[in-house]
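Here is how the chains run, residue by residue.
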Amino acid sequence: MVKLDLDHVYKMYDNADSYSVTDFNLHIKDREFIVFVGPSGCGKSTTLRMIAGLEDITKGTFKIDGRIVNDEAPKDRDIAMVFQNYALYPHMTVYDNMAFGLKLRKYDKADIDKRVHKAASILGLEEYLQRKPAALSGGQRQRVALGRAIVRDAPIFLMDEPLSNLDAKLRVSMRAQISKLHQDLKTTTIYVTHDQIEAMTMADRIVVMRDGKIQQVGTPQEVYDQPANVFVGGFIGSPAMNFFNVTLKDGKIADENHDFNIKVPEGKLKVLRKKGYDGKKLIFGIRPEDIHTEQAFFEAFPDAVVTATVSVSELLGADAQIYSKVGDTEFVSKVDARDFVQPGDSMKVGFDINKAHFFDPETELTLDEY
Amino acid sequence: MKLKQLLNLYPQATVQQQPQNPDTYLNIKIDSQWFILPKENLSPTEVQLLRILSDTKEASQSLNQRKHPWSDFLLRNGKLPPVKEKKVRFIQAFVTINDDNREEWANSFKTIFSNSDVCDSFWLTPHKYILVEKLSNENYSQENFAGIAETLDINLNTKTKFFVGNYWETTDQLVSIFNEELKITDYAVTKSNETAVSISQVAIDYWLNNYIKKSHLFSNYKKQLHLSDQMVKVITTLYDECGNISSAAKKLYIHRNTLQYQIEKFQHQTGLNLKNMNDLVFCYFLTV
């Protein structure tokens, strides 16, 4: 059993005057698949490298099964790592590539052989062991990179954007392979990515990061349905959540020019009034799939209907993504392909306010109660 | 000492044009030849006496020149090694490491390369390793070196940072090029947190620091513009995306139109148009 605890962890580089990672707190359960997700430079790789021991922790503690390991060398932490730039060595065979780390650690030959064959069997690479990387496909090379980690037989796996150099189709198939591998090997895994789709499809829990700080920790469903702030709401989900600057007045939210003026349902209105937002500005967020074009919706919720001008229409097969404008605000809706409209046309849309989110305009924190 | 007299005394000795491994042989230079004697049958007193009477420093220097011809050429005014390769590059590794592990690190690093690609490698200082690599079809990209650093560090308890040089033609100019690459990396090593960078990525900052920042025009521009953190991010992202507004907007997580608006506002305030490549590069220099 392996659990990991990061308590008030900070990282400041020697040549910096601010923290790259600030007050990072996370407790990871045995065999959990945790994904750190966020934009480039948000501190997710730095945090992973602190866990691996490749970067020093400036402040705070990192424990493995209750044991503080801040000062333990990477080699002694029983961690296997898959790097973004896994650099297969072109003059070595697949066997030697997979065995390289074990040779550096001075494992004996028989042990190396046993481990390499076991990993190759798990990854379906046995018949390729004597080939050189140039003779492998992209997916096979990726599996060799995974093999380098599997041979370590470690209870903790760290993966730093392992799929970022692959094409879209290969990324999809490798995602599934990594998820299956996690189930078969039963390791505690921390996976870093900037791709929110990878995070949503692979994680038991997601850690959303920005500017070195945790924005939210939760299951994929939690971060999607209950975003803690504007950043999480906009980062998770594709296409991204739409945001409008509005004012709450007389039970309705309206933009500055009153291009739309939508009634807020009683439950949400009560919460906003209780928090003192009556007559005040808000950020109103709504996902593209919660904007409707069906006549039945217009009839059921006439106070939630606006007229928009279509800028761009993208037909995706079963769905269409419509980029429209209400007043000065652009938004995107995801509708049935049958409701496809041409650019330049006007279009009626209905906002499902029951599914919408409200945020404070200063702090950008959620005002919703779940 | 006369060569003939020594050979009579030590019939097991040989006379050669070059010295042999000083760990197992005693090498004494006489005229332009080397008197070479296996150490195994000599007493310690004999070895010491013969050493006092000979110039062993020259032996080890000469041996070093043969083992590290590039080190001799680059550092000690030696001749350009006879080379078949048309182009070489210098890979510099800054390594935080114990003395006990240095050779282990170096040997592990060298095994990552094909033998035929490595012209020479040597420790310039106790923590700086130089590898001279010829241009071939199997050279690693700069990004690959990040993975190599991580593999070495996680398995050997070291901290490695690579600076990957450009490929240069093998001429006498290499010495001055090598020396300037050394200066650039010595400057950049404390400034960059990346584990692998190319010289071209850090050279601009080095040259700016040494030359452009001393310009009055430059320093006044910097003072006058008062670039906000947000604007610095816009400029550096646009620069990284080669001026492409759509991809820059994506990287900044803002709408394309929002970025356009910010660019127009900046131009209105400063007269500098970030959609013009010269202005963009100029503004990028101001952020460095």
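The name that an unreviewed UniProt entry assigns to chain B is Fis family transcriptional regulator, with the source organism given as Ligilactobacillus aviarius.

Labelled according to an unreviewed UniProt entry, chain A appears under the name ABC transporter ATP-binding protein, originating from Ligilactobacillus aviarius.

A. Local environment of the overall build of chain A. Secondary structure summary: chain A contains 10 helices and 20 strands in total. Within chain A, the fraction of its 370 residues that count as buried is 53%. Contacts spanning at least 24 positions in sequence make up 66% of the contacts within chain A whose residues lie at least 6 apart. Summing over all exposed atoms, chain A offers an accessible surface of approximately 16,500 Å²; the carbon and sulfur share of this is 47%.

B. How the structure looks around the sheet that holds strand β18 (residues 329-336) of chain A. All names here are of chain A. Here we have five strands laid out as an open sheet, ordered β15-β19-β16-β17-β18, and antiparallel in their pairing. Every other strand in the sheet has two partners, leaving β15 (291-292) and β18 as the edge strands with one partner each. In terms of strand pairing, strand β16 (residues 305-315) meets strand β19 (residues 346-351) through five bridges, oriented antiparallel. In the sheet register, A308 faces β19, and the bridge partner there is M347.

C. Fine view of the sheet that holds strand β20 (residues 357-359) of chain A. Residues and elements named next belong to chain A. Taken together, the five strands give an open sheet; going across it, the order is β13-β12-β11-β14-β20, and neighbouring strands pair in antiparallel fashion. Both outer strands of the open sheet, β13 (261-263) and β20, are each paired with one neighbouring strand and no more. The mean inter-strand angle of the sheet, taken between neighbouring strand axes irrespective of direction, is 40°. By the bridge criterion, six bridges tie strand β11 (residues 242-249) to strand β14 (residues 281-286) in an arrangement that is antiparallel. For F244, the partnering residue across the bridge sits in β14 and is F284.

D. A look at the environment of I283 of chain A. Residues and elements named next belong to chain A. Structurally, I283 can be placed in strand β14. I283 sits in the buried class, given a relative accessible area of 9%. C-alpha separation for the pair I283 and F359, spaced 76 residues apart in sequence, amounts to 5.0 Å. Not counting residues within four places of it along the chain, the set of residues in contact with I283 comprises V230, F243, F244, N245, H357, F358, F359, D360, P361 and E364.

E. Focus on the nonpolar core. Residues and elements named next belong to chain A. By size, the foremost hydrophobic cluster in this structure holds 47 residues, and its most contacted members are V37, M98, V116, L146, I178, Y191 and I236. Every residue in contact with V37, bar those within four places of it in the chain, is listed here: K44, T193, H194, D195, Q196, A199, I206, V207, V208, M209, F235 and I236. If you look at the next biggest cluster of nonpolar residues, it comprises 31 residues, including F244, V246, I291 and A308.

Reading the values: the criteria
- Counting starts from 1 at the beginning of each chain's written sequence and moves along it residue by residue.
- Each chain is given a letter, starting from A, and each ligand a number, starting from 1, according to the order in which they appear as written.
- Since the coordinates come from a predicted model, pLDDT governs what is reported: local features require at least 70, and pairs of side-chain atoms require 80 or more to be given and counted, while whole-chain, interface and lining totals use all residues.
- Computation of side-chain values: all heavy atoms of the structure, hydrogens and water removed.
- Segments assigned H or I by DSSP are reported as helices when at least four residues long, segments assigned E as strands when at least two residues long, and all are numbered from the N terminus.
- Relative accessibility thresholds used throughout: buried, under 20% of the residue-type maximum; exposed, over 50%; partly exposed, between the two (1.4 Å probe, protein chains only).
- Residues count as neighbours in contact if any of their non-hydrogen atoms are within 4.5 Å of one another.
- The method behind every accessible area is Shrake-Rupley, applied with a 1.4 Å probe, and residues are considered shielded solely by the protein chains displayed.
- Pairing between strands is defined by DSSP: at least two bridges between the two strands are required.
- Here the axes come from fitting lines to C-alpha atoms, over the contacting stretch only for helices, and the angles between their N-to-C directions go from 0 to 180 degrees.
- By convention a nonpolar core is built from buried Ala, Val, Leu, Ile, Met, Phe, Trp, Tyr and Cys residues, the set being connected through side-chain atoms within 4.5 Å.

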